[in-house]
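# Architecture and fold: a report
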Protein chains: 2
Amino acid sequence: MHGIGEGVPRKDAWEKVTGQAEYVSDLALPGMLSARIVRSPYAHAWIRGIKTDAARSVAGVVAVVTADDLVGIDPFYGAAFKDQPILAMGRVRYEGEPVVAVVASDEWAAEAGAQAVEVDYEPLPAVLSLDAALAPGAVLVHEEQLRPAGHFHDLSDLAGRQGNIVHDFHFRRGQEPDAIFARPGVTVFEDTVTYPMVHHAALEPYACLADWQGGELTVHTSTQTPFTVRQELAEIFSLALSRVRVVVPYVGGAFGGKCYTKIEPLAVALSRHCGAPVQLCLSSAEAFRTARKPSARVRVRTGVRSDGTIVARHVEVHYVLGAYADVGPRVTQKAGYVALGPYRVPNARIDAYGVYTNTVPAVAFRGYGVPQLVLGYELQTERMADALGLDPQELRRRNLLRPGERYSPDDAPVDANLKQDLEQAAGADWAAVLDEPHTGRGIAISLKSTGAPFVSHAVVRLRADGSATLLASTVEIGQGARTVLPQIVSTALDIPVDQVRMLEPDTAVTPYDQATSSSRSTTLSGLACQRAANDVKEQLREIAGRAWGIDPTQVTVAAGGLAHGERTMTYAEAVRAKFGMNGGEIVGKGSYVGEVGDMPLKGITPFWETGAASVAVRVDPETGEVTVLKARSVADVGKAIHPDLVRGQDEGGLVMGFGHALYEEMAYADGQLVNGNLIDYRVPGFGDVPDSLETVIVENQDGPGPMGAKGVGEGSTTVAAAAIAAAVYRATGVVLGDLPLTPEKIWRAMLGVKARETLREAVQEEVGRIGS
Amino acid sequence: MHGIGEGVPRKDAWEKVTGQAEYVSDLALPGMLSARIVRSPYAHAWIRGIKTDAARSVAGVVAVVTADDLVGIDPFYGAAFKDQPILAMGRVRYEGEPVVAVVASDEWAAEAGAQAVEVDYEPLPAVLSLDAALAPGAVLVHEEQLRPAGHFHDLSDLAGRQGNIVHDFHFRRGQEPDAIFARPGVTVFEDTVTYPMVHHAALEPYACLADWQGGELTVHTSTQTPFTVRQELAEIFSLALSRVRVVVPYVGGAFGGKCYTKIEPLAVALSRHCGAPVQLCLSSAEAFRTARKPSARVRVRTGVRSDGTIVARHVEVHYVLGAYADVGPRVTQKAGYVALGPYRVPNARIDAYGVYTNTVPAVAFRGYGVPQLVLGYELQTERMADALGLDPQELRRRNLLRPGERYSPDDAPVDANLKQDLEQAAGADWAAVLDEPHTGRGIAISLKSTGAPFVSHAVVRLRADGSATLLASTVEIGQGARTVLPQIVSTALDIPVDQVRMLEPDTAVTPYDQATSSSRSTTLSGLACQRAANDVKEQLREIAGRAWGIDPTQVTVAAGGLAHGERTMTYAEAVRAKFGMNGGEIVGKGSYVGEVGDMPLKGITPFWETGAASVAVRVDPETGEVTVLKARSVADVGKAIHPDLVRGQDEGGLVMGFGHALYEEMAYADGQLVNGNLIDYRVPGFGDVPDSLETVIVENQDGPGPMGAKGVGEGSTTVAAAAIAAAVYRATGVVLGDLPLTPEKIWRAMLGVKARETLREAVQEEVGRIGS
């Protein structure tokens, strides 16, 4: 009836497969106009002039808007710092930055108008790499004073900022690692890996439909954070929050790329300027020029004793954040915090930096900065085990945090059994695959904290016929929220799941929810939903208790009805009893406010998300091409409310990580993104999925969510690339941490190994000859 | 800041005057189709056959739908009895009844298709008048067993039904009036009046946009009762309530005509049939064939003592309900109940009947059956006063119920000062008008109960910046609900009214509200809104109390903030304190459940609405044409939250009643409605408004609503026609209660008076001659 642990059909499946599901680009409003954007062809340039006359004379063009037209508003936005202009103001900072917007009666006219705009640029030197950005005397991407956005209070300290470093985060525990490294009996390993710029590649690019009407604003947009978008639009346009309505229909994939404000301020500014609804739908190529994952360089230095015990670790990570900060400083801080991995590290130092460059802004991305780190520390784990003559799993087991142990003293205890996760990932039955030549298996394990504070509210409305409506602001981004959250409510109320209807998020009507992100919805929004349903149940008990003249606590709730001894009452009868009519409803409220007991939780992770995966690859010795033969991932979810959806999330996250490991990289040449489209940019296809792809679900009911649930969807992404790199190392002997592991890179590295072997053999032969 | 007693700009004014306000006919959905209806040209006929081939071949036509196509659903609807087919099934019962619907790509193609449908009818004898319907052996409009709709439990007793009488209501108090009438010293007066069939003539006719998607249904419709429409659609189409979403944008006038289900079942059936959204927008001419006010014949017999004290009254009223019952049985019952008027009547009998005829179905209409009765008893009051040689006001004063006195022992005490209302209506300063020849002044006073039980819920959401959103399901039908309810919330929270945004009703998201009708919204929905705001305040007090370590009751709330001694906290700071972030919200709930104390109120009027008006007319002695010279109406509202809106409601209601008194009547000839359009049917225009039109607002804070408010908007309509008829009597000496008082009727009646006077003069002259 509720499908807990079994699954029910996805609520959105029918609509999606029949093409009836509505996305922002399907919407239309009377008198709606369309907009197209003129973007910068330079990575860094002054804007010397803009000629708009020709564009204005194109048939159907209503307005040609530049930054000069954005009057009476705050023209900057940004999740961490308000550093990003709605339209470029005098200067462009990356290739693809919006400079001019053309609004017209339809998108073809807008495109024709955009083609007719002439912008006069004076190119400037650009910083395009991490090294260039950090070099002494480097060109500064931003020279102005940064203005904190207010969304994250803990990022407003700008003390550490210098040069192109926009934010830095530091963590220390125990003694300085360098001191420990120098001690006798400690072997030190140092590895540096790089994780490439990659794009989210959601099937639906960014789309927004803004309707500015006399000081009231309605925005239909494809976002994971409707309330944050509302907040920022209210600030930009000086509106009360209650006058800004953000509605989110189906979202065609997000992966973190639709967190925080993106194209909404521009769409709203255009609607305000034109006095009509304006729809702004980007192409995939434009999405590539809107957001990407933070690329990173990670340097891990670890001191171990000969038995494999980690005694000290220093991690230095630079996240390359591109031209505007977006939420990159938060990624720097949150991911930096867990850079030590799932291990017990008594003496530690972490230095994390977020760095501006003249590239596409980096934003949140599934895994939130952690996959970059796991690549560093887990590739090193494999290398350390070999050097120490230990089994890599044994080395991991010796150092893994135990259930209930704390990553840091002020944080919540680890609510997962990492050894169990590791054993499940490693498992048996790999021999058949690994018997083949040129094969190898890699394993990786990770720990990721969940963002906090994290507020969610929910309302459950029990209708007069006993069916229910769930109001919660979790966005259906393809993860199945509109299926799972109704399951939780239907279980709490004990009514069939198809009697619970969940609505689309609409900040005006559905209750506050901080974000659909951080694998939090089932667990934390789910708690709010469960509590709202329980509130309804308590009210029903009171109605029956009053009707029967007994204490409400004596009333039992089961099978969609109320009972006490022989007496029973359906929910519908209870509603009728309360209101004396065939109408009315019972409204239940529930909240999760990040609380421990009665007080809000400050900066403590509400739950820990783990990743553990094992992959086997074959590397073609002639070409260096990698084929993934078999993969097993562990989804340690506490309780799988909908196992098929858990598997879908876990498998998707794993294969996405394979893409980063093997194929994907946003390629720049002279500051131009040269493969920023879905033809030249290669994401994994079904042909890249291994024949054997398995998710093992671990259910220890150890999460804080409904029925002991924890989040899922990012864990496998955090370990995918690290496991691939480890497998390539096992198959070839090559330690390669510079993703993506293209055939060429592997082939060249193997050639190097081969050359060294040939040289060693030659030397030994020569030494032998001399000795003889 | 809140504009209480002063007024604030209407929330909807700007949108409406600039044409940006959206009504159902302005909406569009992707793939939307349009529908037109083929209607019966006969008042009563068998349908012998329907040819649809030609219609199907019209370009753009998608479907031609008859009753035979409505499979798998319950094809009947109706507020009191499910007697009305979605499309005629074998038989039509009034001219204009829907028989076939044509769905096409646009409304012109649909109209062309509708023109091409051929229906073969066999005409039947029809009952077109009350007398014909009540005659022995009359043709029966309905022969089938009536099926109660379940919406009104107290109407399901069908015992009284016989012939064409669909429902009867009886009320008795004290002794049988006939016995009292026979006593010495009692003078008996008998009057019979008739109130015509009139149409609501809302500027917006009926419109509905239905979107059936895989068992989930969204309906945008112009209704006063979204939750009742939802209930009935759920029943017809066998859907859980939570799967039916009824959304109501602006409504362009309603006047009761948009209560309960109207064209929605047909629009939904067409969407379901075609698998696409279908918009059905009626023309004004079709609106005339959809609903009207119950016409009535009222017979009032009253026994009075010589000092004017009423000792007994018998009222017999027949409401002519047309071809389908709609809510007519409820009107029969609720209006019948108050047929004794605002007077103390120790011995009383009321017999009220609702009668089927082959005419347009009669539905709720501003005043809900009461204006028909007031015409009867107040015209009689004037006549009685003259016959007894008393001042009519003195006669009224002797019999009016006092504040706190009960209309009937089981009902709530009268919460109005009727004598004060009467004095205010009569007032002074009429001499100048009445000094002219052929003028007269008429006064009328009334009492109307409010429907019960009446449930309303509201939710107030305080945003993180201290602004608020109000979720309530009161429909903005032009009465100003979206202005007044935010005023109530802004007052309770003590924040500026422009910081409170109220949303459109949407059964999926805004909380249950029984109806926007019966002048109830400010008073009863207003209570729910006020309570929701107070709930927010209590939560704010708790936050501040915890932060300051004091009892929450010690925290004062004022000027949008919290205070204790020197310490203060804005609402925004309180939200931040609760959630530890720049987000979250405080959700407050409020309900009005018709309660007295803790128990639901059953059938007791929550408040009494009074009407009192005085009008002066001039009657042209040559033509009988009436000109209204001056009018004064009393709005006894307890507290005028927005005086301009009170005046607008009161003046509009009065002038609407003038139309019924003087101009309006749906004219039938041979069963055909011959003036069913806004050209031939005459509603009052601005030229008909008297030069002096005044509303006196009486504020005794004696209502149950916020700040002592009571409802407004129907009182003046209940007395308008009676006051006009009384004024015509005063101006001409003619007692005419057969509305409308057309020049021809008055002229003929005056001619009769003149003839009688001439005859009397002649007789007196002759007698004198004989005597001399």
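In this text, all values refer to a predicted model and were calculated from it rather than measured experimentally.

## What about the sheet that holds strand β25 (residues 586-592) of chain B?
All names here are of chain B. With mixed pairing, the four strands of this open sheet are ordered in space as β21-β20-β19-β25. Each having just a single partner strand, β21 (500-502) and β25 make up the two edges of the open sheet. Along the sheet, successive strands turn relative to each other by an average axial angle of 20°, direction set aside.

## What to know about the domain arrangement of chain A
Many structure descriptions define interface size as the accessible area lost when the parts assemble. In terms of domains, chain A is made up of domain 1 (23-124 + 205-288), domain 2 (295-452 + 600-733), domain 3 (455-593) and domain 4 (744-772). Inter-centroid distance (C-alpha atoms) of domain 3 of chain A to domain 4 of chain A is 71 Å.

## A closer look at the pattern of salt bridges
Residues and elements named next belong to chain A. Evaluation of the coordinates by the stated rule reveals 96 salt bridges over all chains. Glu378 is the salt-bridge partner of Arg396, the closest N and O atoms lying 2.7 Å from each other. Taken as a pair, Arg396 in helix α11 (residues 392-399) and Glu378 in helix α10 (residues 370-388) lie far apart in primary sequence, 18 residues in all. By relative accessible area, which is 0% here, Arg396 ends up buried. With a closest N to O distance of 3.1 Å, Arg397 and Glu394 form a salt bridge. Here Arg397 and its partner Glu394 are both found in helix α11, three residues apart, which amounts to about one turn of the helix. The partly exposed category is assigned to Glu394, whose relative accessible area is 26%. One salt-bridge network, in which partners are shared between bridges, spans Glu378, Glu382, Asp386, Arg396 and Arg730.

## Considerations on the interface of chain B and chain A
Counting residues at the interface gives 66 residues for chain B and 66 residues for chain A. Roughly 5,500 Å² is buried in total at the junction of chain B and chain A, and carbon and sulfur atoms are behind 48% of that figure. Where chain B touches chain A, the interface holds two salt bridges. Across the contact surface, chain B and chain A share 35 residue pairs in polar contact (both at pLDDT 80 or more). Top contributing element to the side of chain B that touches chain A by residue count: helix α6 (residues 226-237) of chain B, with four residues. A class-by-class count of the residues in the side of chain B that touches chain A yields 24 nonpolar, 20 polar and 22 charged.

## Side note on the side chain of Thr450 of chain A
Residues and elements named next belong to chain A. Its location among the elements puts Thr450 in the loop between β18 (439-449) and β19 (456-462). Using a relative accessible area of 1% as the deciding quantity, one classes Thr450 as buried. Separated by 2.5 Å, the side chain of Thr450 and the backbone oxygen of Phe607 make a polar contact. In this view, Thr450 contacts Lys334, Ser518, Thr605, Pro606, Phe607 and Trp608; residues no more than four positions away in its chain are not counted.

Cut-offs applied
Position labels on residues start from 1 in each chain and follow its written sequence. Both sets of labels track the order of writing: A upward for chains, 1 upward for ligands. Per-residue local features are limited, in this predicted model, to residues with pLDDT of at least 70; the limit for side-chain atom pairs, both in listing and counting, is 80 or more; totals at the level of whole chains, interfaces and linings are taken over all residues. Here the side-chain values reflect all heavy atoms present in the structure, with hydrogen atoms and water set aside. At least two bridges found by DSSP between two strands is the condition for calling them paired. What counts as a helix is a DSSP run of H or I of at least four residues, what counts as a strand is a run of E of at least two, and both are numbered from the N terminus. All axes here are fitted lines through C-alpha atoms, helices being fitted over the stretch that makes contact, and every angle between N-to-C directions spans 0 to 180 degrees. All domain edges in this entry derive from an automatic or database-based domain assignment. Put simply, a salt bridge is a Lys or Arg side-chain nitrogen that is within 4 Å of an Asp or Glu carboxyl oxygen. Relative accessibility decides the category of a residue: with a 1.4 Å probe and only protein chains considered, values under 20% of the type maximum give buried, values over 50% give exposed, and everything between is partly exposed. Any pair of residues with heavy atoms lying within 4.5 Å of one another is described as a contacting pair. Buried area, as used here, totals the accessible surface that two parts lose on assembly, with accessibility defined by a 1.4 Å probe and the loss added over both. A 3.5 Å cut-off defines polar contacts: any pair of N or O atoms within that distance qualifies, except that in protein one atom must be a possible hydrogen donor and the other a possible acceptor, and neighbouring residues in sequence count only when both atoms are side-chain atoms. Charged means Asp, Glu, Lys or Arg here, nonpolar means Ala, Val, Leu, Ile, Met, Phe, Trp, Tyr, Cys or Pro, and polar covers whatever is left, Gly included.

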